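# Chain and residue survey
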Amino acid sequence: MTKPTGNIRWAPWVVVALAALALGGPAWAQSPDASPKFDEVVRKAVAEGRSVRAIVRFKNNDARIRGANTVATGGGQLRRALNDVTALTVDIDASTAEQLAADEGTLTLSIDATVRSAAGPASQAIAARSSGATSARKKFNNSGRGVSVAIIDSGVQPHADLPASRIRQFVDFVNGHTTPYDDFGHGTHVAGIVAGSGATSSILEDSYAGAAPEVDVVALKVLDGRGAGKTSDVIAALEWVALNHAAYNIRVVNVSLGHPVYEPASTDPLVQAAEALVARGIVVVASAGNLGIDPRDGLTGYGGITSPANGARIIAVGAVDNKGTVGRSDDGVSGYSSRGPTRFDLIVKPDVVAPGHHVVSLSAPGSYLFSTYPALHVAVGTESVASYMVLSGTSMAAPMVSGTAALMLEANKRLTASALRAVLEFTAQRLPGTSLLAQGAGQLNALGALRLARLIKPKVPIGQVWLKSQGGLPQTYDMLHGEPIAWAKNIVWGNGVLLGDAAYFHMAAWDDNIVWGQAADNIVWGQAADNIVWGQTADNIVWGQCDGEGCDNIVWGQCSGSDCDNIVWGQAADNIVWGQCDTAGCDNIVWGQAADNIVWGQCGGEGCDNIVWGQCAGNACDNIVWGQDGFARGYWAGNTVWGFWDAQVNWTAVTQTGDNIVWGQDYLDNIVWGQCASGSCDNIVWGQNIVWGQSFHILTGGQQ
């Protein structure tokens, strides 16, 4: 391999497989003396006195300059400045790492982790048809014209279905070449799923066309000839998009790669760089990862979502196995597809799932995958060099969503990234007998997504219906290959799911310039003035309706008086959400229509009756949801990827007996993600016998 030189080229590194990174051994507990600024990989290296290649984030540029001097003084190496996340990529010894952490201007030190593609060797030309993309193009005459999709991957090799004239720019962060190429073959395959024209296979009844066959591609190479790369290169590619998206009209970024999660999303530099693009209105789609099978027992494992798909604002895509048919009645989530929730943050992921198993797309002759796996070649006619090959993985599912996003943006150029995501999820089809943590909102329905996207009028004032008048709301199903595809009408958003007709209204959440902030006079997820979300100030209306001057609301804050009246996702008064209530007058309604509720908070009296995600009409309804330091390890949490629960402090197991339904309508005694102090506290969490649920694999006893 040619040694890299210059600002975007690095010294060789040891290739470590994603599976080995995620499952090679348990994570380590945090040392009492270890800096909280270290992610767990850096923490271990420092504890063992080893050098480490790290991404160091700083509060401001002055702190970064000071940090650079610390690195130089300690004999370390400065590799790259990452501006969107105010960071440096450095090689440092343990002592220098500790010195950096001791500086108040240093935010975090994260491992410059190895990233890998989320595809594997597995053929039918059915992925685009099964997703509804082919039907959507034919019905609405959209094909992605005028939209560019950035493919952050192993490069793109020009192909008859994707000629060099449609590769608007090529940037090589690995070897510094200027002519498009792909020595691994993964990026070309991904690009074909997004943008392949199907020209080479036009003699077939169904060509191997991509979801958006006239979209332009910007190829950013960050993976080497064996499909491995460094996190810092991916961040550099994301920052390149931030600087150049306007020049190339890049509206969508596809990231079919990732690394295991080593820290919360809020400090993960890869997630932060990706979410910075979303804040600019660019759709970022990422593969969820291929860690859905626990190698210890071969059963379904949870918590395997990789970075950057674990970011709350990133569209994480899992893979569907369509069993070789265009009909959906036999479809199911592929076993290898990573399940949620996300590590550390416990966010619901994936967001959607899409065809990703045995997908035929463009080959890159001479590349590693093409040369190593001839059995995966798909030739057309009598050609001696196969123009296509078949691969499987969430890497193949993500570009199906990216291509659909391009169709939507061609049809509605003013659609925001957040609104587009909401539409994708709202129109998805729920797979029966499949958990929320496996499918998210459901399976991609490109036909429905494009149909709804075309109806949205982004300039309608916040709080109003923003659909073009068609004599009522649109029908909530599509006919696809003779089957009715019902819309899920649910939107996965953070730690919950939005129900009802949320996508029909222009809500502030669908605007990219609203970022869950902590400033006054913000309307976030609401329809009234003087709102604080994720803050600690009064006078808030969030996802509710309040009439009169007495409607004071605290969301993500604290309220200590009897006049703290809040409306959250309901139509009744007196609510505290994400806060504390210590008076008898603190009655709360969240996702329900009954009184006396505390959600994400603390209640210290016998009168604390809570209903969340349901309805309750009796004194027996005593509920604490997302309370203090607890989880139900015996249910879905019992079978997670190795290390999922390790290195997390102040978590204690709860009593695992009783009758609890969450995500449903039950009026028994429920403790969810909280503490239960009596033997009558029975818990079912994200698991058996619930709406969205299935029989999860249960492990009992002992630490995982």
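## Some words on the sheet that holds strand β10 (residues 228-230)
- One open sheet accounts for three strands, arranged β10-β5-β12; its pairing is antiparallel. This sheet does not close on itself; its edge strands, each paired only once, are β10 and β12 (257-258).
- Strand direction decides the pairing type here: strand β5 (residues 114-117) and β12, joined by two bridges, are antiparallel. The partner of Ser117 across the bridge, within β12, is Leu257.

## Overview of the sheet that holds strand β2 (residues 77-82)
- Taken together, the four strands give an open sheet; going across it, the order is β2-β3-β1-β4, and neighbouring strands pair in antiparallel fashion. Strands with a single pairing partner mark the edges of an open sheet, and in this sheet they are β2 and β4 (106-111). Here the strands of the sheet are splayed against their neighbours by 25 degrees on average, with no regard to which way each runs.
- As defined by bridge partners, β2 adjoins strand β3 (residues 87-92) across five bridges and the pair is classed as antiparallel. By the bridge assignment, Leu82 is partnered in β3 with Ala87.
- Packed onto the sheet, helix α3 (residues 61-73) meets β1 (52-58), β2 and β3 and runs at close to 10 degrees relative to β3.

## Quick notes on the packing of α3 against helix α4 (residues 94-102)
- It is the contact of α3 with α4, at a shortest axis distance of 10 Å, that shows an interaxial angle of 160 degrees. Viewed along their axes, α3 and α4 adopt a mutual orientation that is roughly antiparallel. Judged by the sense of rotation from one axis to the other, the crossing of α3 with α4 is right-handed. Residues Gly67, Thr70 and Val71 of α3 touch α4, and the partners they reach there are Thr96, Gln99 and Leu100.
- In terms of residue class, the contact of α3 with α4 is built from two nonpolar, four polar and no charged.

## So, the environment of Asn490
- Mapped onto the elements of the fold, Asn490 is located in the loop between β23 (483-486) and β24 (491-493).
- When the C-alpha atoms of Asn490 and Gly500 are compared, they prove to be 7.0 Å apart, with 10 residues separating the residues in sequence.
- A distance of 2.9 Å separates a polar side-chain atom of Asn490 from the backbone oxygen of Ala488.

## Quick word on the packing of aromatic side chains
- Inspection of the entire model under this criterion finds six aromatic pairs.
- Summarising the aromatic geometry, the rings of Phe426 and Trp487 are spaced 6.1 Å apart at their centres and angled 70 degrees between planes, so their arrangement reads as edge-to-face. With Phe426 in helix α12 (residues 417-426) and Trp487 in the loop between β23 and β24, this residue pair connects regions lying 61 residues apart in the sequence.
- Overall, the relative accessible area of 0% leaves Phe426 in the buried class.
- An angle of 70 degrees between the planes, with centres 5.1 Å apart, marks the rings of Phe426 and Tyr504 as edge-to-face. Linking Phe426 in helix α12 with Tyr504 in the loop between β25 (496-498) and β26 (554-555), this pair joins segments that are 78 residues apart in sequence. Assigned by exposure class, Phe426 and Tyr504 land together as buried.
- Site record: aromatic cluster; members linked through ring pairs are Phe426, Trp487 and Tyr504.

Definitions and cut-offs
Residues numbered from 1 in each chain as written. Predicted model: local features only at pLDDT ≥ 70, side-chain atom pairs only at ≥ 80, totals over all residues. Heavy atoms only, no water. Pairing = 2+ DSSP bridges. Helix = DSSP H or I, 4+ residues; strand = E, 2+ residues; numbered from the N terminus. Axes fitted to C-alpha atoms, helices over the stretch in contact; angles between N-to-C directions. Contact = heavy atoms within 4.5 Å. Parallel < 35°, antiparallel > 145°, perpendicular 65-115°, else oblique. Left-handed = near helix turned anticlockwise from the far one by under 90°. Nonpolar A, V, L, I, M, F, W, Y, C, P; charged D, E, K, R; others polar. Polar contact = N/O pair within 3.5 Å; in protein donor to acceptor, adjacent residues only side chain to side chain. Phe/Tyr/Trp six-rings, centres within 6.5 Å; stacked < 30°, edge-to-face > 60°. Buried < 20%, exposed > 50% of the residue type's maximum accessible area, 1.4 Å probe, protein only.

Any functional reading would require information that these geometric values do not contain.
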